[in-house]
Amino acid sequence: MTEEILKVAHLNKFYGKRQVLFDINFDLKKGEVLALLGPSGSGKSTTIRTLNGLEDFQSGQITFEGQNVIPDEKHWQDLRQKIGMVFQSYDLFPNMTVLENIVLAPTKVQHREQKEAEAEAKKLLAMVGLSDYAQSYPRQLSGGQKQRIAIVRALAMHPDLMLFDEVTASLDPEMVRGVLEIIKKLSDEEDMTMLIVTHEMNFAAQIADRVLFLEDGHILEDTPGQQFFKQPQTERAQKFLESMD
Ligand code: ADP
Ligand code: MG
């Protein structure tokens, strides 16, 4: 049986009195790529942020690697090491070099050896084609380069799950491909388990094993990727796909 990494059951989330996620249920198996799609405001970022402990939730259950996740800060500090996240805005530390950005958490949080962490960071930089930038500062990099570094920084923690929230949304079009290629490579070569929010439908169609389609905080579809892009189950998803062409 394939190992289940994440299970979300009957998750309900409110901001104040306003409910934004309604009875969310899904699971994610090792090596699986799940695309979380839906119109703006449907709750994609909230879902991802809740999975990473950046938001609390009011009812339901999240199970990560067999452990019941309690929305409690201490517990999250441990779990978050296993869950890598990359957002739309690359949040690199501006006063640190690329290399320092990458080795910071592995050495400070995971207490790994500086030398070993740096050696690994260099390997990861080579993987994303940025070996020459180890000593550069974030301001010297393009948006696409910064985003590739942000991915490397997350990978340096050896996560079991990667969350990507519109990582190419603020990039110039010519920068998008390089970032998406890395995500594709992570799936193809590393068999990384991933949950991806993206507006790049061609990319999603290439990479997604499954699609969750969200609207107004409800999951309308949980459909195999191949099928979703050819023939979604709901008219709402059909309209959504047409609007993205
Ligand atoms: P998406 O990522 O799909 O665009 P979000 O998860 O950002 O959607 O938002 C879902 C809903 O929750 C929206 O109605 C949004 O306005 C609301 N929302 C998002 N973040 C907050 C917040 N911090 N406080 C209150 N409401 C929020
Ligand atoms: Mg969002």
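That block above? That's the structure.
Note that the structure is a prediction, hence the values are computed from the model and not measured.

Rules used throughout
- Residues numbered from 1 in each chain as written.
- Chains lettered and ligands numbered in written order.
- Predicted model: local features only at pLDDT ≥ 70, side-chain atom pairs only at ≥ 80, totals over all residues.
- Pairing = 2+ DSSP bridges.
- Helix = DSSP H or I, 4+ residues; strand = E, 2+ residues; numbered from the N terminus.
- Near = placed C-beta within 6 Å.
- Buried ≥ 20, exposed ≤ 12 C-beta atoms within 10 Å, placed from the backbone.
- Right-handed = clockwise from strand over helix to strand, strands pointing away.
- Axes fitted to C-alpha atoms, helices over the stretch in contact; angles between N-to-C directions.
- Core = buried A, V, L, I, M, F, W, Y, C linked by C-beta atoms within 7 Å.
- Contact = placed C-beta atoms within 7 Å.

Summarise the sheet that holds strand 4 (residues 59–64); cite the residues concerned and give the values.
In space, the four strands of this open sheet follow the order 2-1-4-5, with antiparallel pairing throughout. At either margin of the open sheet sits one strand with a lone partner, and together these are strand 2 (18–29) and strand 5 (67–68). In this sheet, strand 4 lies alongside strand 1 (residues 4–15) in antiparallel orientation, the contact comprising five bridges. Bridge assignment links A9 to a residue of strand 4, and that residue is Q61.

Which residues make up the site of ligand 1, and what are the values?
Taken together, Y15, V20, G38, S40, G41, S42, G43, K44, S45 and T46 make up all the residues around ligand 1. Counting residues per element, the shell around ligand 1 draws most heavily on helix 1 (residues 44–51), at three residues.

If you had to explain the pairing of strand 7 (residues 161–165) to someone new, which residues and values would you point to?
Counting buried residues in strand 7 gives five out of five residues, a clear majority hidden from the surface. Of the two faces of strand 7, the one carrying L161, L163 and D165 and the one carrying M162 and F164 are both buried. Note: strand 6 (residues 83–86) against strand 7, four bridges, orientation parallel. By the bridge assignment, G84 is partnered in strand 7 with M162. The sheet contact formed by strand 7 and strand 8 (residues 193–197) spans five bridges and is parallel. When the bridges of strand 8 are listed, D165 appears paired with V197. Handedness of the crossover joining strand 7 and strand 8 through helix 6 (residues 173–190): right-handed.

I'd like to hear about the sheet that holds strand 7, residue by residue, with values.
Spatially, 6-7-8-3-9-10 is the arrangement adopted by the six strands of the open sheet, whose pairing is mixed. Two strands lie at the open edges of the sheet, namely strand 6 and strand 10 (218–224), each paired on one side alone. Taken pair by pair, the neighbouring strands of this sheet meet at an average axis angle of 15 degrees, ignoring direction. In this sheet, strand 9 (residues 210–215) lies alongside strand 3 (residues 33–37) in parallel orientation, the contact comprising four bridges. Across the sheet, residue A35 finds its bridge partner in strand 9, namely V211.

Could you give me a rundown of the nonpolar core, with the residues and numbers involved?
Of all hydrophobic cores here, the largest spans 67 residues; its most connected members are L36, L163 and F164. Take this core: its biggest share by element is six residues, from helix 5 (residues 143–155). Once residues within four sequence positions are removed from consideration, L163 is found in contact with I48, L51, N52, I83, G84, M85 and L195.

Mind laying out unusual backbone geometry, listing which residues take part and the relevant values?
In this structure, D23 is a non-glycine residue whose phi angle is positive, near 45 degrees. Note on placement: D23 falls in strand 2. The class for D23 is partly exposed, based on 13 C-beta atoms found within 10 Å. For D216, which is not glycine, the phi dihedral falls at a positive 45 degrees.

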